[in-house]
Amino acid sequence: MKDIAGLLIGGKLVRGSAELEVVNPATGEVFTTVSRATEHEANAAVAAAKAAQPAWAALGLEARRALLLRFADGLEANAEDLAATLVLEQGKPLAEARQELAFAQAFVRHIAGLSLPVSVVQDDATHRIEVHHRPLGVVAAIAAWNFPVLIAAYKIAPALLMGNTVVLKPAPTTPVASLQLGAMAADIFPPGVLNVITDRNDLGSLLTSHPDVAKVSFTGSTATGKKVMESAGPRLKRITLELGGNDGAIVLDDADVAEVAPRIFGSAFYNCGQVCLALKRLYVHASQYDRMCEALAELASQAVVGNGADAGVTIGPLQNAMQFDKAGRFLAAARRDGRILAGGAPLKGGGYFVAPTIVRDLPDHNALVAEEQFAPILPVLKYEQIDEAVARVNASPYGLGGSVWSASEDRASEVARRLDVGTAWVNHHLHFGPHIPLVGAKESGIGVEFGTEGLAEFAQLSVLNIAHRQVG
Ligand code: NAD
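As annotated in an unreviewed UniProt entry, the protein carries the name Aldehyde dehydrogenase and is attributed to Cupriavidus malaysiensis.

Right under this line is the structure:
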């Protein structure tokens, strides 16, 4: 692997005008320093992407597909290095970091195999009318810190496949793996096709308002997503916003608690609860409530919390100091209004560790229920009637995902269809894939990622409408 300190601009690894210290969340200490871009490098990256785009589009779909498959091979070949970086900068356990790499590779391979063929909507004596997908131009790919490699990969692949070029900007607390991806890509794609810059949360709006950026593919919080929409508005840029969620799950009265509790726990605490699609509020029928609370508290107390690099660790630290402080506020609110059955406090000894926490008897207006916690803290809430549970799940301004758990798939599916969300799962949660469209309802997003629907968002639909000459 090449020097990781460099930004990737126009095919070259360049030292930025500034530097960025990167903290290991398991220790709270700086573990490396990388290049940071200023406006100068951000503009240079957009200019390089703009200059490279026509030739990249002209290369043709099959050639672009082949290079994306080489990119997937690179992810595979460098998986151990990249996973080690993820553990250091993101904090996740090594097994989860390896899983992220496996996902990233699978996503790129799947997306590289897609295409949006020309469709003919009329072909008769008077007209031939074809629908094409053209590239948009330069795509700004702005990522969150919870899955740095996966998010980058699933934005880069469809954007490049459709003939666009990309400027990737990771979150400031997880820049290293993205710079490694850039170093890897420098040997694969023509100069300027993929550019990678880092910032200190100060270059996002430059990208989203830049006249030469045609599309913004953004993954992050709803608050920032609204800023992106505003900033992209004056030029009517294309945007895809994958934003926050506060997924509610409903356990019906016939569910087998012992069977579903471990899967519910896994869906809530994966990546230390820092997943947009994590299960974040659990509504349990009164008849099962006490048993479910006990089962989840037992699982929380068995979890092994620690440095993701250590063998056997199942839950790492929160990713950054801001998230850690936020978790502290949720814990205080939970202690005030509810009963803590497991965890309930940050762990001492450095690093951003919070003990996996189960809270019962909270009112829905408590911050831990009403807001997105993005932390290993799960509120378990009691309901009596299904209509009431559905109404409480749907009361959120978010609408990313939701789930229903039951011994009967039919019963659960009937309830799941009533959830006002982009994805409703039955008897699982947090399952996604490159062939499954990912959408957010309400304030969880705009647009689609994954599947051919997601690919189409990286293209301009255009119609070729030919009138046949009437001879004779
Ligand atoms: P964030 O909104 O703080 O940051 C996301 C990215 O936006 C970062 O790269 C950041 O530097 C950049 N940014 C900051 N200000 C900007 C601006 N004004 N204009 C443009 N970009 C700007 O989010 P985060 O804290 O990094 O990530 C956590 C959030 O992301 C959670 O809400 C989570 O649910 C959400 N998320 C959603 C999905 C999804 O697919 N729906 C996936 C992962 C994470």
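### What to know about the overall build of the protein
Regarding its fold elements, the protein presents 15 helices and 24 strands. By the compact-globule yardstick of 23 Å for 472 residues, the protein fits well, its C-alpha radius of gyration being 23 Å. Along the longest, intermediate and shortest principal axes, the C-alpha atoms of the protein span 80 × 60 × 40 Å. Per-residue burial for the protein yields a buried fraction of 57% across its 472 residues. Taking contacts inside the protein between residues at least 6 apart in sequence as the whole, the part at least 24 apart equals 73%. Accessible area of the protein: about 18,400 Å², with a carbon and sulfur share of 54%.

### Quick notes on the packing of helix α3 (residues 79-89) against helix α4 (residues 94-112)
It is the contact of α3 with α4, at a shortest axis distance of 8 Å, that shows an interaxial angle of 130 degrees. Taken together, the axes of α3 and α4 are oblique relative to one another. Considering how the two elements wind past one another, α3 and α4 form a crossing that is right-handed. Contacts between α3 and α4 pair A79, E80, L82, A83, L86 and V87 from the former with L94, A97, R98, E100 and L101 from the latter. In the contact of α3 with α4, the residues fall into 8 nonpolar, no polar and 3 charged.

### With respect to the site of the ligand
Close to the ligand lie 28 residues; A143, N201, S221, T224 and E372 are nearest. Taking L243, its main chain carries an N or O atom lying 2.8 Å from a nitrogen atom of the ligand. Coverage of the ligand by the protein chains reaches 90% of its 850 Å² of free accessible surface. Every element with two or more residues in the shell around the ligand is listed here: α7 (204-209), β10 (215-219) and α8 (222-232). Here the shell around the ligand takes 3 residues from α8, the largest share from any one element. Tallied by class, the residues present in the shell around the ligand amount to 14 nonpolar, 10 polar and 4 charged. Mapped onto the domain boundaries, the shell around the ligand takes at least three residues apiece from domain 1 (7-243 + 444-463) and domain 2 (247-426).

### Observations regarding the sheet that holds strand β15 (residues 357-360)
The 7 strands lie next to each other as β14-β15-β16-β13-β12-β18-β19, forming an open sheet whose pairing is mixed. Bordering the open sheet on either side are β14 (339-342) and β19 (423-426), each of which pairs with just one other strand. Averaged over neighbouring strand pairs, the angle between their axes works out to 25 degrees when direction is ignored. Summarising the sheet, β15 and strand β16 (residues 377-383) pair through 4 bridges and their orientation is parallel. Across the sheet, residue R360 finds its bridge partner in β16, namely V380. Its contacts with the sheet put helix α10 (residues 289-302) on β12 (247-251), β13 (279-285), β14, β15 and β16, and the angle it makes with β15 is roughly 160 degrees.

Quick notes on the rules
- Residues numbered from 1 in each chain as written.
- Predicted model: local features only at pLDDT ≥ 70, side-chain atom pairs only at ≥ 80, totals over all residues.
- Heavy atoms only, no water.
- Helix = DSSP H or I, 4+ residues; strand = E, 2+ residues; numbered from the N terminus.
- Rg over C-alpha atoms; globule rule 2.2 N^0.38 Å.
- Buried < 20%, exposed > 50% of the residue type's maximum accessible area, 1.4 Å probe, protein only.
- Contact = heavy atoms within 4.5 Å.
- Areas by Shrake-Rupley, 256 points an atom, 1.4 Å probe, with all protein chains shown as cover.
- Axes fitted to C-alpha atoms, helices over the stretch in contact; angles between N-to-C directions.
- Parallel < 35°, antiparallel > 145°, perpendicular 65-115°, else oblique.
- Left-handed = near helix turned anticlockwise from the far one by under 90°.
- Nonpolar A, V, L, I, M, F, W, Y, C, P; charged D, E, K, R; others polar.
- Near = heavy atom within 4 Å.
- Polar contact = N/O pair within 3.5 Å; in protein donor to acceptor, adjacent residues only side chain to side chain.
- Domains from an automatic or database assignment.
- Pairing = 2+ DSSP bridges.

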